[in-house]
Each structure stands twice: as C-alpha cells, then as structure tokens.
Amino acid sequence: MSHHLPAVAPAVTAEIVGALSPRLRKRLDAAITKIADRPVIRDGDTVRITVDDETGLELHAPAGVVTTADAIRCGCLLAPGCLHRAAIASAAPVADPVADTSSAPDAGQPSPDGDAGPPQPSEAEESTATPEQRAAAGHLWAAGSALLDTGIEGAGAVLQSELLRAAHTAKLAGLPRPAAAAVSVVTALRSARSADPAHRLADLTAAVLELLGTAHRLPDATGPELAALRGTARQTYVPDGSLRLYGLFTEPLITAGGYAGAITWTAAADGRLYTVSDIAPGGPGRATAAAGRTVRLGDTALTHRQLSHAGLALSGATVSPTGRLGAGAGVKAVQAAGAAWTDEPLAALWAPLAAQQVARALHSQAPGADLLFLDVTILGPARETGGDCLLATCDDLTLRLTAAHDHPALAYRDNLRMLAALPGTSLRVVGRLLPDSRPSLQLLAAAHPADPARRVDLGLDRLQRADLPSAAPPVAQVPTGREADRAPLHLLRRRLEQAVAAGRPFLSVPGSLSADAGQLRRSALPTAADLLAELQRTATRRARDPFGRLLPADPTDFARAWLGAALYTEAAETSLCAAAWQQER
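Structural notes, computed from the coordinates. (Residues numbered from 1 in each chain as written. Predicted model: local features only at pLDDT ≥ 70, side-chain atom pairs only at ≥ 80, totals over all residues. Heavy atoms only, no water.)

### Points about the pairing of strand E17 (residues 451-457)
The cut-off we apply is this: Should DSSP find at least two bridges between two strands, the strands are regarded as paired. Secondary structure elements follow DSSP: runs of H or I no shorter than four residues count as helices, runs of E no shorter than two count as strands, and numbering proceeds from the N terminus.
One ladder, built from four bridges, connects strand E16 (residues 440-448) with E17; its direction is antiparallel. Residue pairing for E17: Ala-447 is matched across the bridge by Arg-455. Counting the residues in the hairpin turn of E16 and E17 gives two residues.

Set out below in structure tokens:
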C-alpha cells in the first residue's frame, strides 16, 4: 500500500508517534501490518483509507506530501492520539527532509535518495559546527547506535520515529546531508521489514555507515570538510548553455524507499554524461512504464526509450551537480540525430583501458564516473557464494558481470542467463563498477549479440532466444577462484552486515568470531583482525553498578567499533578493487 500513499514529512511521523502512550507504542508495528492491507482511494490532494466499518482515515497532501500532523485525520474515538494515525504515518513513504527540488524553477525530478549535493559557498561560511549542529549530530548518533543495538527486527516504528525526529532536528540545524542519511536508513529499514524485493542488506549497511560517519565526524570538522558533511538543502541547477547530446541507454530504477522510474543517460561530444529522469513514488510497474513516457525537456516528444537511441540539441540548458538536466521554462530542446556506440563521439567512451576507467570511477565525483564502457568476450556462467554471475574477459582480465537488480519485473537476470549461453561472443557493454577484490560490475546495457548496431537496455528489453546467434564453440575458461583464494575482507564485511541485520547481541557470543579473525591474520590483514576482535569485545562488554549487577551494554561503544571497522573495510575494498583491475590474468 505504501506505493499509493502520499509521502509524509519526517517531523510529522515523529510528532504523531511521539504522542502515543507507552501502551499504544507496543502495538504500533502490528497496527502498521494490519492497516497496510486496506484499500487507498485518492481524490485530488486527499487520500482516504477505510480502517473498518466505523473508522476512516484521511490524509491531506498538497503536492503529494503531508506536511503537518493535522493533515492526518481519523474518525475513531481516540483521535488524535490514536494508533491509526501513527500507523498510517509510519506506513507511508518518507518525504525528502531537505527542500523539494521539483518546485525549483529549473528543477528536474526530485532525488529519491535524498541526495543533498555538494555544499555551496553561501552554506559553508561557518568554520566550525554550531552548538545546535553538534546537538543534532549527537541525536543522529544516538539513534543510529540504537539501530545497531537492536538490528532490523528490533527497529520498529518507534525507533524509526526517533531516526525521523533526529532527521528533522538536523534539518532545522542546517545539516541536510545527515538528515537525508537518517531518512535513507528509515526507508531501507521499512523495505527490509516488509520483505520488499528491492531490499538489499548491503544498501542498508551503506546507509548506516553514511549516517554514523557524518554524525561522528561533524562536531570536530572544520572548513571544507565541515561544509561537505553539512551538505546543501537542494540540488542547485546552474546554466550550461547549449548542449548537443547523444543517447546512450535507459536504466529502470526501483528504490527501497518506494520510488520508481527511469533514467536515460546521454553524452556530450566531450564525453561528459548527463541524465534525464522520470522518478516518482511507485512500484516495479512504474519503472517499466516510465521508460515509455515523454521526457520533460522543452517541446521534444521523445520518450526515454527513444532518447536512448536518438539525440538532443538544447539551448538554455541547466544541470545539477549530479548531471541531471533541468526542465525549466527557459530550456529549449529539439530532437537531433543520435550516434551508434561504434561511431564518434560515443566510441570515445570505450577507448580508455579498463584499469584507467576504474581509476576514474574510484576517485572522481563527476556524474556517471562509476560507469564503465568495455568490450568483453563472454566465457560463460558461474555460480558463486553471492549468486550467479556471467564470466567475461576484457583487457586480459576475467570479469564477473552481475544483474543490476534482482526484481523479476525487470529483465536483468533473464538477460544475463541468455548471454551466459553465448560463450565466445564479443559484446560492447556498459556497466556500473562494483568495489570488489575481483573485477566485477553490474551490467546495464549491451550491444545486441546478433546485431552490434542495436542496443539492449538490459533492465527493460528482453532478449529472445530466437533472435540470438548460435552458440560459439566453448572457450577456455579462466578459473573463477574460490572464496578462500581472495583477500578475505568479505569476512569482516559479512560481520558488519550481520550487526545491522541482527543487532549487537548476534556478535556477542564469546569466541564466535575467532575463526574469522584468525583467517584475516593468516591473510596478512592484522588490522582487519584487530577491528573484528574489537567489534566482539564491545558487543560483549558490560559494566557493573556499585552493587555488582550487570548494566546494559553500551550501544555507543559498539557503534564506534562498528564505524571504525566499516570505514577500514570501505578503504581497503577500494584499494583492492583498483589493484584487481591492474592485475593480469
């Protein structure tokens, strides 16, 4: 049902849940599950939900967002302090805590992930954090620490409301980036608790790292670092003059936060990448349908799918720091000729060696820097611990190509199986770099195996067996390598994710991590082993009161150990990833 509900501002949910009595708070999660099955009726800016024969809920959402607690009304006798209002607020998508970019004159679609963008000079005048910002960071840290203490199962609506309250406090204190991080954690938590197919534990772990990392560092940061940690309240669209763009591919998007749509990637003659997006609250059906919608640029009648093969000529263009093209009234756009991937200027994207592209992806903040443009030769399928993948060669490297999304409504996984049946086939592909100790990327688009002049958006187009060439003779496969042959950072990564999933108690069993720590030491990773040992020490450490009674474990102590291990893992994986793409096979 959440896909059909309007977004609710974080402060609204926090206020309504905070007003519940302790007795009703204990029943909130069950009420959310029950109310999620009720039908939703939209009437303009008003949404109605029938709870039972005698009770109805009404949400008033101008522009699709509930901005005040009074905008959620219930007809039951206990209202306004009733469970129904808190349940529907907690079930609805969370509104972006920072300024809504869709209302800006040159805005495109609002960012579904709360991207607060890089700081602007006007927002970076303070050289140190204010007392209000330090207090807000402390609130964020405490809420994030509480999540690690309980794990997903214990992070119900009450804990989520604390995260949302912290997000609102951070917004008021001028900290849009940490506020957006807290909201990202909540949306990912809700996805995990509802068994949403879009949920990925790795994404939730990354969101927790962003939340704790910014909250921990912000009080002591100064100058440019502080400005970066604060973020900005909105994506600023700046003039970019006249642009001649060439379509590359269209990528469907389904987020854990209840957004869906399509993003079309284009390139200018100088290789810079720009996007046009159509993203809004919705489910998998919207992701596939959005690709057939007309792009919101000038008077062009091109759909996203058509633009991915055609071109655009723009005047008065505006662009955000993330490369998103604005759709303001001053933007003029007309259809122009596209270019094949094998023709200039697009062919230049495939010219750099894979290692050079990876170095750019790891160190550049430019839009689309994590996209790799490669010519590969298919080896065949491989089954590994993390799931099935497709093996291919490129620049004397063996690559692991994976599906960009597992949702069955998207074509990624089916297309990967089709391609795996074509060993020896050479393909020009576009993928997103995965930071792994072995060369890996998510496949997004490819030339058609039977006709290199055609392109396949692997999330949208479904390859048909009848259209594919006959399988070439089997090619010699390079060994895939066992988990034990890799630098075993995955052992530390797995424990970090387990802490997020199951909470501190899962890691508190004495000696349960000693085998992993021993393997890390034998693999010349003593720092990783020490961090893992500290993670268990803080998970089990409990002080005693003056009478000798055990006190509850300190969640802050455990959160600090978790953050240190997570930051180390992120840095080590980046280093190993760069080295893997340099290694000859």
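Following the structure, the description resumes.
### Re the packing of aromatic side chains
The description of an aromatic ring pair uses the distance of the two centres, along with the angle that the planes make with each other. Convention followed: Note on aromatic contacts: the rings of Phe and Tyr and the six-membered ring of Trp form a pair at centre separations within 6.5 Å, being stacked when their planes are under 30 degrees apart, edge-to-face when over 60 apart, and tilted otherwise. Think of it in three bands: with a 1.4 Å probe and only protein chains considered, a residue is buried below 20% of the maximum accessible area for its type, exposed above 50%, and partly exposed in between.
Using the criterion set out here, one finds three aromatic pairs in the structure. Ring plane angle 15° and centroid distance 6.3 Å describe the contact between Phe-249 and Trp-265, whose orientation is recorded as stacked. Taken together, the residues Phe-249 in strand E7 (residues 238-254) and Trp-265 in strand E8 (residues 259-268) connect sequence positions 16 residues apart. The same class applies to Phe-249 and to Trp-265, which are both buried. Taken together, the aromatic side chains of Trp-341, Trp-350 and Phe-373 make up a single cluster linked through ring pairs.

### Thoughts on helix H6 (residues 157-172)
Basically, it comes down to this: One fewer than the residue count of a helix, multiplied by 1.5 Å, yields its expected span. In this description, contact between two residues means that some pair of their heavy atoms is separated by no more than 4.5 Å.
In this model, H6 (16 residues) spans 22 Å end to end at C-alpha, consistent with the 22 Å of a helix rising 1.5 Å per residue. Residues of H6 that are buried include every one of Ala-157, Leu-159, Gln-160, Ser-161, Leu-163, Leu-164, Ala-166, Ala-167 and Ala-170, and no others. The inward-facing, buried residues of H6 contact helix H1 (10-18), helix H3 (28-35), helix H4 (83-91), helix H5 (131-154), helix H7 (176-193) and helix H8 (201-217). Residue Gly-174 follows H6 closely and has a positive phi angle near 80°.

### Brief notes about the packing of helix H16 (residues 526-540) against helix H17 (residues 555-582)
We apply this condition: For helices, the axis comes from a line fit to the C-alpha atoms of the stretch in contact; other axes are also lines fit to C-alpha atoms, and the angle between any two N-to-C directions lies between 0 and 180 degrees. Any angle that falls under 35 degrees is termed roughly parallel, while one over 145 is termed roughly antiparallel, one within 65 to 115 roughly perpendicular, and all others oblique. If you view the pair so one helix is near and one far, a crossing is left-handed when the near helix is turned anticlockwise from the far one by less than a right angle, and right-handed when it is turned clockwise.
Interaxial distance between H16 and H17 falls to 8 Å at its minimum, and their mutual angle equals 160°. The angle between the axes of H16 and H17 places the two elements in the roughly antiparallel class. For the crossing formed where H16 meets H17, the hand is left-handed. In this structure, H16 uses Thr-527, Ala-528, Leu-531, Glu-534, Leu-535, Thr-538 and Ala-539 to contact H17, whose residues at the interface are Asp-557, Phe-558, Ala-561, Trp-562, Gly-564, Ala-565 and Tyr-568.

### Some words on the sheet that holds strand E10 (residues 311-319)
If you trace the five strands from one edge of the open sheet to the other, you get E9-E8-E7-E10-E11, paired in antiparallel fashion. On the outer flanks of this sheet lie strand E9 (273-281) and strand E11 (332-336), each paired with one strand and no other. Pairwise comparison of adjacent strand axes, ignoring direction, gives a mean angle of 35° for this sheet.

### A closer look at the state of the cysteines
Worth spelling out the cut-off: Pairs of cysteine sulfur atoms within 2.5 Å are identified as disulfides in what follows.
Counting across every chain of the model gives zero disulfides. No disulfide involves Cys-76; its sulfur sits 3.6 Å from the nearest other cysteine sulfur, which is in Cys-74. With no disulfide of its own, Cys-82 has Cys-76 as its nearest cysteine by sulfur position, at a separation of 3.7 Å. Overall, the relative accessible area of 1% leaves Cys-82 in the buried class.

### Thoughts on the pattern of salt bridges
Put simply, the rule reads: Salt bridges, as used here, are contacts in which a Lys or Arg side-chain nitrogen is within 4 Å of a carboxyl oxygen on Asp or Glu.
For the structure shown, the criterion picks out 29 salt bridges. With a shortest N-O distance of 3.7 Å, Asp-29 and Arg-193 are connected by a salt bridge. Highlighted residues: Asp-29 in helix H3 and Arg-193 in helix H7, separated in sequence by 164 residues. Asp-29 gets classed as partly exposed once you look at its relative accessible area, which sits at 32%. A relative accessible area of 34% places Arg-193 in the partly exposed class.

Taken by themselves, the reported measurements are silent on function.
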